[in-house]
Amino acid sequence: MYQAHATLGPIDVYSSDVAIAVVIVAAAAAGLLWGFAPLRRPRTLWAAAGALLALFVISCFWSPADQTQKHLITAAKYIEYALLAPSLVLLLRHRIDVDRLLLVFVGWSAAASGWGVLQFLGLVNEFRGKNPDQREPSFLGIEDFAALSGAVLVIAFVGLALDQPRRRVVVAGISGAVGMAVAASVMAMAGVALAGLVIVVVARRAGTLSLRRLTAIVAIGIVTGAGVYDLRAGDASSFFSFLKTGKAGAPASAGIQTGSQRVLLSYLGLRMWQDHPLLGVGFERSFDHYQPYLAAAKRRFPDQHPEAFPSPAHEWGVQNFWIELLADVGIVGLVLGLATFVSGIWLALRVPSNLRLLGLIAAGWICVTVGSLNGTGIVSGLPLDALVWLGLGLGATVGGLE
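Residues numbered from 1 in each chain as written. Predicted model: local features only at pLDDT ≥ 70, side-chain atom pairs only at ≥ 80, totals over all residues. Heavy atoms only, no water.

A.B. asks: It is not clear to me how the overall build of the chain should be interpreted in this structure. Could you clarify?
C.D. replies: Within the chain, the secondary structure is distributed over 14 helices and 2 strands. What you see for the chain is a C-alpha radius of gyration of 21 Å, in line with the 21 Å of a compact globule of 402 residues. Buried residues in the chain amount to 50% of all 402 residues. Pairs at least 24 apart in sequence give 75% of the contacts found in the chain among residues at least 6 apart. (Helix = DSSP H or I, 4+ residues; strand = E, 2+ residues; numbered from the N terminus. Rg over C-alpha atoms; globule rule 2.2 N^0.38 Å. Buried < 20%, exposed > 50% of the residue type's maximum accessible area, 1.4 Å probe, protein only. Contact = heavy atoms within 4.5 Å.)

A.B. asks: Got a minute to help me understand helix α6 (residues 142–161) in this structure?
C.D. replies: Residues that lie three or four places apart on an α-helix share one face, since the helix turns once every 3.6 residues. Its 20 residues give α6 an end-to-end C-alpha distance of 28 Å, which sits within 8% of 28 Å, the value for a rise of 1.5 Å per residue. Of all 20 residues that make up α6, 18 are buried, and the element is covered over most of its length. (Expected span 1.5 Å × (residues − 1).)

A.B. asks: Would you take a moment to explain the packing of aromatic side chains for this structure?
C.D. replies: Where two aromatic rings form a pair, the distance of their centres and the angle of their planes describe that pair. Counted by the stated rule, this structure contains 9 aromatic pairs. Aromatic pair F105 and W365: ring centres 4.5 Å apart, planes at 40°, arrangement tilted. A residue pair is termed long-range when its members are at least 10 positions apart, and F105 in helix α5 (residues 95–120) and W365 in helix α13 (residues 356–372) qualify at 260 residues. Since its relative accessible area comes to 0%, W365 is described here as buried. Seen from their ring centres, Y267 and F301 are 5.5 Å apart, and the 75° between their planes marks the pair as edge-to-face. Of this pair, Y267 sits in helix α10 (residues 258–275) while F301 sits in the loop between α11 (291–300) and α12 (321–349), placing them 34 residues apart in sequence. Judged by its relative accessible area of 6%, F301 is buried. Taken together, F56, Y78, F283 and W389 form an aromatic cluster joined through their ring pairs. Here the basic side chain of K298 rests over the ring of F309, its NZ or CZ set 5.8 Å away from the ring centre. (Phe/Tyr/Trp six-rings, centres within 6.5 Å; stacked < 30°, edge-to-face > 60°. Lys NZ or Arg CZ within 6 Å of the ring centre and 35° of its normal.)

A.B. asks: Quick question: what am I supposed to make of the confidence of the model for the chain here?
C.D. replies: Do not read the fine detail of predicted coordinates wherever pLDDT is low. Of the residues in the chain, 95% reach a pLDDT of 70 or more, and the chain-wide mean stands at 91. Per-residue pLDDT, averaged within each element of the chain, yields its smallest value for helix α9 (residues 211–245) (82) and its largest for helix α4 (residues 84–91) (98). (pLDDT = per-residue confidence, 0-100.)

Here you go:
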């Protein structure tokens, strides 16, 4: 919405597309100069991801084939972002290359967290003006800001667990924790918790995790989680009330309640999957194939604000990547999606001991995106999409570094 862009026929080209195209071209040039052999190692990941992306494209033609062109363009952009994964494998061939990438991530996180704090204090505008003392998007968007912060917090956790250089650990820990607290995404925090668990287990088995380091990791996690909860206390109270009574925790006149709306949208997604269990309703068709289930949803969730329900004016979508996989491409798509992420984590953790640090960071990034994707659907062009494929690409890269 806020990027420079141009229209080429039915296609909108944004500045982010140009940036990704530059990366892909650079990767192709690296392959021509130094060979494409590094792409052979992560064959399992390419097979799973390629099958998932192919299913996205094919399912654009499910009957009735309405808005096929629109969905094909969206699928093409999703594939464009997915090409970041093999691009990383071709571009990052030495450990120092990955170290530089991580340094850039920490730098961007520090900038994003600093800007988010200024927004929180009401000193600068966010996208819609000054809105202090609430969740802030920095210059990314709330869920994307949280995912970036979570990925950088993982760098700090791994550094602590494996007793790595303290300067990067301190900067990553501060910028990641502050960004997570200001963005206050419960889903991203869940991804960080999952990443922390993986890091602790691997470091414990490697014999590098002392009680002091474990205490530091847990303390940072608790403080960060407390910051997230502080900004989400009202939403949490409303959601727990909804779970207990089946009713929204605030009257409909109070507006959309985030947690209960997510349950409502997930219900619609699962109903679509129930009627199309194997291959779903088609890529991104869950955005506009909710009508047969809308009346049942209104009976099941009578206390929801009217705008919480999807409509032509509010195409909310399912807003949960995993449930939307079921709705759009069925159980086959979900299996392929899970296989893609599991393959990335498996590759990241199957590295020599001298590369354990980078492997754990890659696995942690993937875990953060697994959690963060519970807060957004299959939406192409998000910074979170880039992080998904950068994480998978890093997992595919680390085992083949020289």
